[in-house]
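Read off the chains here:
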Amino acid sequence: MDRQEDALFLSLTWHEVMPSPEEAKAALNRFSMKFSRRFPGGSYVWKLEPQERGFPHFHLFVYGVPWVDPQKLSELWHECTDEASEQHRKSGVDVEWVRDDGKVQAYLAEYFDKMGKFQFGNEEESWDWPGRFWGVCMRENLPYAEWADWQKHLEVREAISLIEDLLDSWDVDIPEGVVPPTLMIDTRGDPANRLDSLLDRLGELMG
């Protein structure tokens, strides 16, 4: 994704009605169809997660769409759910501008930190496994970034340690004494930061 592109950060919520996994996905699908008709040049990446009270909600990173009145989006979302309250019609959607990728990184860091703690439902009702937790709408309109090759030269000791650590994390066994002559790392974001982070972790492991 192009990290320079502005985006909208949407939260689609339920207030009083806790849907089943199928109902939640069906509501999002109806929203997607309405969204594509209203914003033919737009696109979004969606993520499903529970609120603290167990109700599901969707987070959306929306691209190619100018600022939209949150109440209009709430009305659009309200039509896709079984909610009946006027409060949900007015405030079922939160909208924020994302003008730098720090917001995206902060959200993803928080999400991955709590992935293992997800629990849908409440004491009276719980969810079955909801299937996919994320997806894309109108993928062809996403602002893809251009691929850029990047190289970093390491000392032999650093390269060997890095390769050994990666092979170990991937559960790959190679004959003793055999060291791959090259290593290619496929990263997203800033590859220099990613590699520096790996080297720092290696240094900690090696004492």
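Keep in mind it's a predicted model, so treat the numbers as computed, not measured. (Residues numbered from 1 in each chain as written. Predicted model: local features only at pLDDT ≥ 70, side-chain atom pairs only at ≥ 80, totals over all residues. Heavy atoms only, no water.)

*Asks:* I tried to follow the overall build of the chain on my own but got confused; where do I start?
*Replies:* A count of helical and extended segments in the chain gives six helices and five strands. Listing every helix and strand of the chain by position from the N terminus yields β-α-β-β-α-α-β-α-β-α-α. When the 207 residues of the chain are sorted by exposure, 38% land in the buried category. The contacts in the chain between residues at least 6 apart in sequence include a share of 71% that link residues at least 24 apart. Taken as a whole, the chain presents about 13,500 Å² of accessible surface, with 49% of it coming from carbon and sulfur. (Helix = DSSP H or I, 4+ residues; strand = E, 2+ residues; numbered from the N terminus. Buried < 20%, exposed > 50% of the residue type's maximum accessible area, 1.4 Å probe, protein only. Contact = heavy atoms within 4.5 Å. Areas by Shrake-Rupley, 256 points an atom, 1.4 Å probe, with all protein chains shown as cover.)

*Asks:* Sorry, what's going on with the nonpolar core here?
*Replies:* In summary, soluble globular proteins display a tendency toward joint burial of nonpolar side chains. Of all hydrophobic cores here, the largest spans 28 residues; its most connected members are Leu10, Phe31 and Phe58. Residue contacts for phenylalanine 58: discarding those within four places in its chain leaves Leu10, Ser11, Leu12, Trp14, Ala24, Leu28, Trp46, Lys47, Leu48 and Trp77. Membership of the second largest hydrophobic core comes to six residues, among which are Ala7, Phe9, Phe61 and Leu142. (Core = buried A, V, L, I, M, F, W, Y, C linked by side-chain atoms within 4.5 Å.)

*Asks:* I keep staring at the confidence of the model for the chain and nothing clicks. Help me out?
*Replies:* Regions with low pLDDT carry predicted coordinates that are not meant to be interpreted in detail. Taken residue by residue, the chain gives an average pLDDT of 77. The fraction at 70 or more is 64%. Within the chain, the element-level pLDDT minimum falls on helix 4 (residues 101-113), averaging 61, and the maximum on helix 2 (residues 70-78), averaging 93. (pLDDT = per-residue confidence, 0-100.)

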